[in-house]
Amino acid sequence: MSVENENITRLHIDNKEYILIGTAHVSKHSAELVKEVIEAEQPDAVCIELDEQRYKSITDGNKWKEMDIFQVIKEKKASLLLMNLAISSFQNRMAKQFGINAGQEMIQGIESAKETGAELVLADRNIQITFSRIWGGIGLKGKAMLLTQVIASIFSKESISEEELEKIKDQDTINAILNEFTETFPKLKTPLIDERDQYLAEKIKKAPGEKVVAVLGAAHVPGITKEIRKEHNLARLNEVPPKSKAPKIIGWLIPIFIIAIIAYTFNTNPSAGLQQTLSWVLWHGAFAALGTAIAFGHPLAILTAFIAAPITALDPITAAGWFAGTVQAYFRRPSVKDFETLSEDVFSFKGFWQNKVTRVLLVVVLANIGSSLGTFIGGADVIRLFIKHL
């Protein structure tokens, strides 16, 4: 007995049947439809729009308890983790309003696959690769706008209407957040939608058996319907774009330039050289300390940011936020309870600042932002003083 529904697309290619279920990631009806289809069709394989990382996130409820916050800082993953938590909070806000679990249709796909004995296939591309390909193609202005768009969407307290939910059915969570941004930067559509359509299509096509059910965000169904009839190179789609050497070169040139100017000034006018040094120290220290204070950092973390920023700004390998974050984690070490309540706390702006885990991440990120501002302002002041005392 087969199930017919407007959100179901059936394809027959090379003696295989593919049943694509277009879902909303926050729709209770979508989860029910997934269960109904898999039970009725008894497929050989069930493909879900998750990668290994997001699969573990959904299935391992204790993952936060196992996090080593010091390791996160050491591996320079604070910003990425903070972004992932922020996106999670957006999804939770939508799900909570409609009284369902976020990603329930994916959970249902996993459970139904086990119940029917179908092989589970994680069909989506690694989310970090997708973000890397997005991040590498939008430029500095685009990055600033992207972060602003994401943060504004996350912390908006506006409720979502049923009509807006219907629109979200055509998107996955990331797409929902970045919808307006995609209109401003059309290039974003390639890594976010088109490439993932190709990746998902190839994984679904290679799924074992003669009958395959795929649980997908509805926005991907039209693209996959077209792309599944083509051949796609998964290795190419998994490539992380090479990092530009320009930021690293600039990162070294700025401190060399600043040190050279101060050294020359000291040699010709020691008093002016001292002024330049104080300006560099105070601008960096003040902004990094301010960023840490905004994150409600421990007093010693604020002091650490102040002291570290002028020094780390001259060394592109290190960052003030790492030192401030480590001190914050040492004196305000997150408890088991903080990790247990993390998924709930990121639901609100207040929770982001109160939870000790996200507090550490905020200290790292905001101290680094403050130090970066200090580089531009302090560097400009050093040059001003140099010209003044020429």
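The rules behind each value
Residue positions within a chain follow its written sequence, with the count starting from 1. Under the rules for a predicted model, residues below a pLDDT of 70 receive no local features and side-chain atom pairs below 80 are neither given nor counted, while totals for whole chains, interfaces and linings still include all residues. Think of the side-chain values as coming from all heavy atoms in the structure, minus any hydrogens and water. Here a helix means four or more residues in a row that DSSP labels H or I, a strand means two or more in a row labelled E, and each is numbered from the N terminus. The contact criterion used throughout is that any non-hydrogen atoms of two residues lie within 4.5 Å. Areas reported here follow the Shrake-Rupley algorithm with a probe of radius 1.4 Å; residue values treat only the protein chains shown as occluding. UniProt positions are given in the numbering used here, feature names are shortened, and annotations may be inferred rather than shown by experiment. Note on ring pairs: Phe, Tyr and Trp rings are taken, using the six-membered ring of Trp, and paired if centres are within 6.5 Å. Classes follow the plane angle, with under 30 degrees stacked, over 60 edge-to-face and the rest tilted. Burial classes: relative accessible area under 20% of the type maximum marks a residue as buried, over 50% as exposed, and values in between as partly exposed (1.4 Å probe, protein chains only). Polar contacts, as used here, are pairs of N or O atoms within 3.5 Å; protein pairs need one atom able to donate a hydrogen and one able to accept it. Residues neighboring in sequence count only if both atoms are side-chain atoms. Criterion used throughout: strands pair if DSSP finds at least two bridges between them. Working convention: axes come from line fits to C-alpha atoms, limited for helices to the stretch in contact. Angles between N-to-C directions cover 0 to 180 degrees. Any angle that is under 35 degrees is reported as roughly parallel, and any over 145 degrees as roughly antiparallel; angles of 65 to 115 degrees are reported as roughly perpendicular and all others as oblique. The handedness criterion is simple: a crossing whose near helix is rotated anticlockwise from the far helix by less than a right angle is left-handed, and one whose near helix is rotated clockwise is right-handed. When residues are grouped by polarity, Ala, Val, Leu, Ile, Met, Phe, Trp, Tyr, Cys and Pro land in nonpolar, Asp, Glu, Lys and Arg in charged, and all others, Gly among them, in polar. Here, a salt bridge means any side-chain nitrogen of Lys or Arg that lies within 4 Å of a carboxyl oxygen of Asp or Glu. Multiplying 1.5 Å by the helix residue count minus one yields the expected span of that helix. Candidate patch residues must exceed 30% relative accessible area and have no salt bridge, after which like charges are joined if within 9 Å and Val, Leu, Ile, Met, Phe, Trp or Tyr side chains if within 5 Å.

Here's the deal with the overall build of the chain
- Each helix and strand in the chain was counted, giving 20 helices and five strands.
- In the chain, once contacts between residues fewer than 6 apart in sequence are set aside, the share between residues at least 24 apart is 78%.
- Surface accessibility of the chain: about 19,500 Å² in total, with carbon and sulfur atoms responsible for 59%.

Comments concerning the UniProt feature "transmembrane region" (unreviewed entry) in the chain
- What UniProt calls "transmembrane region" (unreviewed entry) maps, in this numbering, to residues 249-266, 278-296 and 360-387.
- The span residues 249-266 is 100% helix and 0% strand, and its two end C-alpha atoms sit 26 Å from each other.
- In this annotation, residues 360-387 is assigned 100% helix and 0% strand; the end-to-end C-alpha distance for the span is 40 Å.

Quick notes on the environment of I369
- For I369, the location among the structural elements is in helix α20 (residues 356-388).
- Linking I369 and A288, residues 81 residues apart in sequence, is a C-alpha distance of 7.2 Å.

Some thoughts on the packing of aromatic side chains
- Taken as a whole and judged by the stated rule, the model has three aromatic pairs.
- For the ring pair W283 and F287, a centre distance of 5.8 Å and an interplane angle of 15° mean the geometry is stacked. Remark: F287 and W283 occur in helix α14 (residues 270-294); sequence separation between them is four residues, near one turn of the helix.
- According to the relative accessible area criterion, F287 is partly exposed, its value standing at 21%.

A closer look at the side chain of D124
- Within the secondary structure, D124 sits in the loop between β4 (119-122) and α6 (127-135).
- Polar contacts involving the side chain of D124 include one to the side chain of R54, which spans 2.6 Å.
- Side-chain polar atoms of D124 contact the side chain of R196, separated by 2.9 Å.
- What D124 contacts, discounting residues up to four positions off in sequence, is I48, E49, L50, D51, R54, R196, Y199 and L200.

What about the sheet that holds strand β2 (residues 16-23)?
- Reading across from one edge, β1-β2-β5-β3-β4 is the order of the five strands in this open sheet, with mixed pairing throughout. At either end of the open sheet lies a strand with only one pairing partner, and these are β1 (8-13) and β4. Averaged over all neighbouring strand pairs, the angle between strand axes comes to 20°, with direction disregarded.
- Examined bridge by bridge, β1 and β2 share six bridges and lie antiparallel to one another. Bridge pairing links R10 to I19 in β2.

Some words on the packing of α14 against α20
- Look at α14 against α20: their axes get within 7 Å of each other, and the N-to-C directions meet at 160°. Between α14 and α20, the crossing angle belongs to the class labelled roughly antiparallel. Crossing angle aside, the handedness with which α14 passes α20 is right-handed.
- For the contact of α14 with α20, a count of residues per class yields 13 nonpolar, twelve polar and one charged.

Observations concerning the pattern of salt bridges
- Evaluated as defined, the whole model comprises 15 salt bridges.
- Between R133 and E195 there is a salt bridge, with its nearest N and O atoms 2.7 Å apart. One end of the pair, R133, is in helix α6; the other, E195, is in helix α10 (residues 189-205), and 62 residues separate them in sequence. We note that R133, like E195, is buried.
- Here the salt bridges do not stand alone but share partners, grouping E49, D51, R54, D124 and R196 into one network.

A closer look at unusual backbone geometry
- In the Ramachandran plot, D14 falls in the positive-phi region, its phi being about 50° despite a non-glycine side chain.
- Take D14: it is sitting in the loop between β1 and β2.
- Given a relative accessible area of 70%, D14 falls into the exposed group.
- The backbone of N15 sits at a positive phi, close to 65°, despite the residue not being glycine.
- By secondary structure assignment, the location of N15 is in the loop between β1 and β2.
- Using a relative accessible area of 77% as the deciding quantity, one classes N15 as exposed.

A few points about helix α16 (residues 320-331)
- Compared with an ideal rise of 1.5 Å per residue, which puts twelve residues at 16 Å, α16 spans 17 Å between its outermost C-alpha atoms and is within 8% of the ideal.
- Burial in α16 covers these residues: A320, G321, A324, G325, V327, Q328 and A329.
- On its buried face, α16 is in contact with α3 (69-74), α14, α15 (299-312) and α20.

Section: a nonpolar patch on the surface
- Judged by side-chain polarity, F266, L274, L278, L282, L300, L303, F306, I307, I311, Y330 and F331 come together as a nonpolar surface patch covering roughly 1,000 Å² of accessible area.
- Per-element tally for the nonpolar patch: the top contributor is α15, with five residues.
- Relative to the assigned elements, F266 resides in helix α13 (residues 246-268).
- A relative accessible area of 35% places F266 in the partly exposed class.

Section: the side chain of Q198
- As for its position among the elements, Q198 is in helix α10.
- Residue classification places Q198 among the buried residues on the basis of a relative accessible area of 17%.
- Ignoring any residue separated from it by four or fewer positions in sequence, one finds Q198 in contact with E227, H232, R236 and L237.

What to know about the environment of F323
- When you line up the elements, F323 lands in helix α16.
- We classify F323 as partly exposed; its relative accessible area is 40%.
- C-alpha separation for the pair F323 and A305, spaced 18 residues apart in sequence, amounts to 7.0 Å.
- Residues within four places of F323 in sequence aside, it is in contact with T304, A308, T312 and T318.

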